[in-house]
Amino acid sequence: MKTELTISINAIDEDALAKRREMGDGMGALVCFSGVVRGREGDVSITAIEYEAHEEMARHQFGLIFDAIEQRWPVDSMRVVHRLGLVPVNEPSLWVEVTAPHRAEAFAACQFLIEEMKQKVPIWKKPLPA
């Protein structure tokens, strides 16, 4: 399985990511997910979320998640971008792309990655009240 992980303070450019996409001939499914900062965190209106990470450990944990996905589903590739720093409302903080032979595997792998990331990857968020 091919993997690509980007952890950066730069805005996520989904168009540029799509232009760099590579799909194998046997791939029939492409799932993309964008996690966008909402204007509310619980009952509080916010203007942005500030993300920080223990980057070395985050990369290690993502590697373990990629390994677990490779053992469970016939995924061809996964690309993940997580933004750090200040991310305003309505901008993506997370982008995930999965290619697989069939949609069930692609959706399952994408969902698994996001759930595992939230539990195990040391990236913290601090909502900024409006």
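Scroll up to find the structure this text is about.
**Things to note about the side chain of glutamate 97**
Residue placement: glutamate 97 occurs in strand β7 (residues 92–100). A distance of 2.6 Å separates a polar atom in the side chain of glutamate 97 from a polar atom in the side chain of arginine 21. Sequence-distant contacts of glutamate 97, defined by excluding residues within four places in its chain, comprise Arg21, Leu30, Val31, Cys32, Ser77, Met78 and Arg79.

**A closer look at the packing of aromatic side chains**
All told, the structure shown has two aromatic pairs when counted by the stated rule. Arranged with centres 5.4 Å apart and planes meeting at 65°, the rings of tryptophan 73 and phenylalanine 112 form a pair that is edge-to-face. Note that tryptophan 73 is positioned in the loop between α2 (55–72) and β5 (77–83) and phenylalanine 112 in helix α3 (residues 103–120), a separation of 39 residues in sequence. This pair shows no difference in class: tryptophan 73 is buried, exactly as phenylalanine 112 is.

**A word on α3**
Taking 1.5 Å of rise per residue, 18 residues should cover 26 Å, and α3 covers 25 Å from first to last C-alpha, within 8% of that figure. Among the residues of α3, those classed as buried are Glu105, Ala106, Ala109, Cys110, Phe112, Leu113, Ile114, Glu116 and Met117. In this structure, the buried side of α3 is in contact with β2 (29–36), α2, β5 and β7.

So, how was this worked out
Think of each chain on its own: its residues are numbered from 1, step by step along the sequence as written. Under the rules for a predicted model, residues below a pLDDT of 70 receive no local features and side-chain atom pairs below 80 are neither given nor counted, while totals for whole chains, interfaces and linings still include all residues. Each side-chain value is derived from all of the structure's non-hydrogen atoms; neither hydrogens nor water enter the calculation. Strands here mean DSSP runs of E at least two residues long; helices mean DSSP runs of H or I at least four residues long; both are numbered from the N terminus. Pairs of N or O atoms are called polar contacts if they sit within 3.5 Å, as long as, within protein, a hydrogen donor faces a hydrogen acceptor (for residues adjacent in sequence, only side-chain-to-side-chain pairs). Whether two residues are in contact is decided by their heavy atoms: any pair within 4.5 Å suffices. Centre distance within 6.5 Å is the pairing criterion for rings of Phe, Tyr and Trp, where only the six-membered ring of Trp is used; planes under 30 degrees apart are then read as stacked, over 60 as edge-to-face, and the remainder as tilted. Whether a residue is buried, partly exposed or exposed follows from its accessible area with a 1.4 Å probe, protein chains only, as a fraction of its type maximum: under 20%, in between, or over 50%, in that order. Multiplying 1.5 Å by the helix residue count minus one yields the expected span of that helix.

What is shown is where atoms sit, not what they do.
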